[in-house]
Amino acid sequence: MSIKLTTQAYCKMLLHAAKYPHCAVNGLLVAEKQKEKKKDSHSTPILCVDCIPLFHGTLALAPMLEVALTLIDTWCKENKYVIAGYYQANERTKDFRPNQVAERVAARIAENFSEAAMIMVDSTRFTMGCYEPILAIYDHHENKWKCRDCNVDCFEDWCEAQKITSALLEGRSYESLIDFDNHLDDLRNDWTNPEINKSVLHLC
Amino acid sequence: MASVSEMYDVTWEEMRDKLRKWREDNHRNSEQIVDVGEELINEHASKLGDDIWIIYEQVMIAALDCSRDDLAWTCLQELKRQFPGSQRVKRLAGMRLEALEKYEDASKQYDSILQDDPTNTAARKRKISILKAQGKSAEAIRELNEYLEQFVGDQEAWHELSELYINEHDYGKAAFCLEELMMTNPHNHLYCEQYAEVKYTQGGLENLELSRKYFAQALKLNNRNMRALFGLYMSASHIAASPKVNATVKKSNVKYAAWATNQINRAYQLAGRGTKENKCSVKAVEEMLESMQITMS
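Residues numbered from 1 in each chain as written. Chains lettered and ligands numbered in written order. Predicted model: local features only at pLDDT ≥ 70, side-chain atom pairs only at ≥ 80, totals over all residues. Heavy atoms only, no water.

Visitor: Report on the overall build of chain A, specifying residues and quantitative values.
Guide: The number of helices and strands found in chain A is six helices and seven strands. When its helices and strands are written in sequence order, chain A yields β-α-β-β-α-β-α-β-β-β-α-α-α. Taking 2.2 N^0.38 as the reference for a compact globule, 204 residues should give roughly 17 Å; the C-alpha atoms of chain A span a radius of gyration of 16 Å, in line with that estimate. Over its C-alpha atoms, taken along the principal directions, chain A stretches across nearly 45 × 40 × 35 Å. Burial status across chain A gives 56% buried among its 204 residues. Expressed as a percentage of contacts within chain A between residues at least 6 apart in sequence, the contacts between residues at least 24 apart total 70%. Taking the average place of the 23 positive charges on the side chains of chain A and the average place of its 29 negative ones, the gap between the two points comes to 3 Å. (Helix = DSSP H or I, 4+ residues; strand = E, 2+ residues; numbered from the N terminus. Rg over C-alpha atoms; globule rule 2.2 N^0.38 Å. Buried < 20%, exposed > 50% of the residue type's maximum accessible area, 1.4 Å probe, protein only. Contact = heavy atoms within 4.5 Å. Lys, Arg positive; Asp, Glu negative; His and termini not counted. Charge placed at Lys NZ, Arg CZ, Asp CG, Glu CD.)

Visitor: Would you mind going over the pairing of strand β4 (residues 81-89) of chain A in detail, with residue names and values included?
Guide: Residues and elements named next belong to chain A. Most of β4 sits out of view: eight of its nine residues are buried. Across four bridges, the pairing between β4 and strand β5 (residues 117-121) is parallel. Bridging across to β5, Y87 finds its partner in I119. On the question of chirality, the crossover connecting β4 to the parallel β5 by way of helix α3 (residues 100-112) is right-handed. (Pairing = 2+ DSSP bridges. Right-handed = clockwise from strand over helix to strand, strands pointing away.)

Visitor: Please provide a residue-by-residue account of the pattern of salt bridges, values included.
Guide: In total, this model carries 31 salt bridges over all chains according to the counting rule given. A salt bridge links E156 of chain B to K125 of chain B; its shortest N-O distance comes to 2.7 Å. Here K125 of chain B lies in helix α8 (residues 121-133) and E156 of chain B lies in helix α10 (residues 155-167), a separation of 31 residues in the sequence. Linked through salt bridges whose partners overlap, the residues forming this network are R172 and E175 of chain A together with E31 and D35 of chain B. (Salt bridge = Lys/Arg side-chain N within 4 Å of Asp/Glu carboxyl O.)

Visitor: Got a sec to walk through the pairing of strand β2 (residues 25-32) of chain A? Specific residues and values, please.
Guide: Residues and elements named next belong to chain A. Counting buried positions along β2 yields seven of eight residues, so the element is predominantly enclosed. When β2 meets strand β3 (residues 46-56), the two strands line up antiparallel, connected through seven bridges. Note on β3: the bridge partner recorded for V25 is H56. Bridging between β2 and β4 involves eight bridges; their strand directions are antiparallel. Bridge assignment links A31 to a residue of β4, and that residue is V82.

Visitor: Just give me the short version of the interface of chain B and chain A, but keep the residues and values in it.
Guide: Interface size is commonly expressed as the accessible area that is lost once the parts come together. Tallying the contact residues gives 37 residues for chain B and 31 residues for chain A. The three residues of chain B that bury the most area against chain A are E31, H169 and R227 of chain B, which together make up 18% of that side's buried surface. Between E91 of chain A and K132 of chain B there is a salt bridge, and its shortest N-O distance comes to 3.6 Å. Connecting chain B to chain A are 11 residue pairs in polar contact (both at pLDDT 80 or more). Secondary structure elements with two or more residues in the side of chain B that touches chain A: α3 (30-44), α8, α10, α12 (189-202), α14 (226-241), α15 (247-272) and α16 (278-296) of chain B. With nine residues, α16 of chain B is the largest single contributor of residues to the side of chain B that touches chain A. Considered class by class, the residues forming the side of chain B that touches chain A number 17 nonpolar, nine polar and 11 charged. (Buried area = accessible area lost by both parts, 1.4 Å probe. Polar contact = N/O pair within 3.5 Å; in protein donor to acceptor, adjacent residues only side chain to side chain. Nonpolar A, V, L, I, M, F, W, Y, C, P; charged D, E, K, R; others polar.)

Visitor: Explain a negative patch on the surface to me, using residue names and the numbers behind them.
Guide: Residue and element names in this part refer to chain B. Taken together, the side chains of E139, E143, E146 and E149 present a region of like negative charge at the surface. Residue placement: E146 occurs in helix α9 (residues 137-150). Look at E146 and you get partly exposed, because its relative accessible area is 43%. (Patch = residues over 30% accessible without salt bridge, like charges linked within 9 Å, V, L, I, M, F, W, Y side chains within 5 Å. Areas by Shrake-Rupley, 256 points an atom, 1.4 Å probe, with all protein chains shown as cover.)

Visitor: Before we move on, can you summarise the UniProt feature "repeat: TPR" (unreviewed entry) in chain B with the specific residues and values?
Guide: Taking the numbering used here, the UniProt-annotated feature "repeat: TPR" (unreviewed entry) corresponds to residues 155-188 of chain B. Strand forms 0% of residues 155-188 of chain B and helix 79%; the C-alpha atoms that close the span are 12 Å apart. (UniProt positions renumbered as here; feature names shortened; annotations may be inferred.)

Visitor: Account for the nonpolar core, with residues named and values stated.
Guide: Formed by 128 residues in total, the largest nonpolar core has its most connected members in L5, Y10, M13 and I72 of chain A. Leaving out residues up to four positions away in the same chain, M13 of chain A has contacts with L5, L29, C51, Y87, I119 and L135 of chain A. Counting 37 residues, the second-largest nonpolar core is a separate cluster that includes M15, L19, W22 and M95 of chain B. (Core = buried A, V, L, I, M, F, W, Y, C linked by side-chain atoms within 4.5 Å.)

Visitor: I'd like a description of the environment of L64 of chain B, backed by residues and values.
Guide: Residues and elements named next belong to chain B. Position of L64 among the secondary structure elements: in helix α4 (residues 51-65). Residue class for L64 comes out buried when judged on its relative accessible area of 15%. The sequence separation of L64 and R96 amounts to 32 residues, and the corresponding C-alpha distance is 6.6 Å. With residues up to four places along the chain from it excluded, the contact list for L64 reads A72, M95, R96 and A99.

Visitor: Describe the packing of aromatic side chains, naming the residues involved and giving the relevant values.
Guide: All names here are of chain A. In total, this model carries 13 aromatic pairs over all chains according to the counting rule given. With centroids separated by 4.8 Å and ring planes inclined at 80°, the aromatic side chains of Y10 and F155 adopt a geometry described as edge-to-face. Taken together, the residues span a long stretch of sequence, with Y10 in helix α1 (residues 7-19) and F155 in the loop between β7 (144-148) and α4 (158-170) at a distance of 145 residues. Neither residue differs from the other here; Y10 and F155 are each classed as buried. Ring-pair connections join several aromatic residues into one group, and the members of that group are F55, W75, Y81, F180 and W191. (Phe/Tyr/Trp six-rings, centres within 6.5 Å; stacked < 30°, edge-to-face > 60°.)

Visitor: Run through the sheet that holds β2 of chain A, naming residues and quoting values.
Guide: Residue and element names in this part refer to chain A. Reading across the sheet, the seven strands line up as β1-β3-β2-β4-β5-β6-β7 and stay open at both edges, with mixed pairing between neighbours. For this open sheet the edge positions go to β1 (3-5) and β7, each flanked by a neighbour on one side alone. Neighbour-to-neighbour, the strand axes of this sheet turn through a mean angle of 35°, independent of strand direction. Examined bridge by bridge, β1 and β3 share three bridges and lie parallel to one another. Of the residues in β3, the one forming a bridge with L5 is C48. (Axes fitted to C-alpha atoms, helices over the stretch in contact; angles between N-to-C directions.)

Written out as structure tokens, the structure reads:
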């Protein structure tokens, strides 16, 4: 079962990592809720249409994570989305293996959505030009997370994703990206990031 | 490219004051510091007086964060010239080596500082940072513990240690570090709230009750701390839902949770005023709180 990412989802993930280069960051990916469960649903990949940046810094504490998951779940239900994945970029650049936090949160998501994916960002290959996808995608098989090769097929439109992500990085859009931590600091900060969504649409 | 002063229409004095504020608040907004600081240094060095030296230090560290070794080198040279033989400048030279990932050379630099002055805390802490950068968490924790036996009052160190323990999922020891911080800073709502989060994460009824108390304490110290408010709600809800509590405890916690719900809704109403987009957030929070009430009973 494979997932694909839209430009908006990929973009915001990388902007989040770029905003806090000295911290670990994590967040959720959401997909549109499928209306009917097809018998041969194995052939259609899940499209992650958006990304919700969650925290930066210390990721291993429970209370705010629970609040975020519950709140975003409610928001998803309103917007006919479902939480379909979890991403994390570790504090140390060279460390892109999933840790206990990643596995736990991703497992929790998989309880509600069996095809959930866990995504680790490989910061060593993170460049302004975004010439290659820098993700490692993990699928849940028999209680273990197995890494799948991430290439341009994992994207709805890789050329568009590459072009737009690079443009937004150059323009320092990450300075205005809001994650859930920012929201808790000031409730007026909107974690759906409507302005950045507009910028992405604009550049499409 | 337009200069910072042109883009934001600020004077050099305002830029200097901004840098000072960022210094005092210990902000790590390195890109901005480099933008503002570099312009200040290049265009207005003569007007800055003795402030220029601390600005060189601030900009150098920010430049290291941004891989601007050219700028870092320039700042370092100016500082070396003005303060030959200074331990503080030697430490900056060490940090530059760290940024270039020359950890052995950096370590030697810090060792030479420590040879001249064994009580130099900055050099010892940099050595621990090297361990952290290399992913040697267990060693970093060990060294930091040793450091704190000598320098018991170093709050930055206690906080760093609590974070290292949290990352290793050793919540008990993280709580101990935060207890030290709360003892010496009883009015700091952030330490209270972090302690509560650690206790909550540890789990178990006793820890949940403790976490609720400390979330409440954090709120008392700062009634706008949203994390404390949410934390109070979550911990009270979980206690009330636990099969191990008696009816009285359950009733009180339901009351605390209901109070927190009210406060959360009010906070969102206040924040949502005026912006159309935030109305969806308000609604989502209301629904979330409602749905949790149902599952609680």
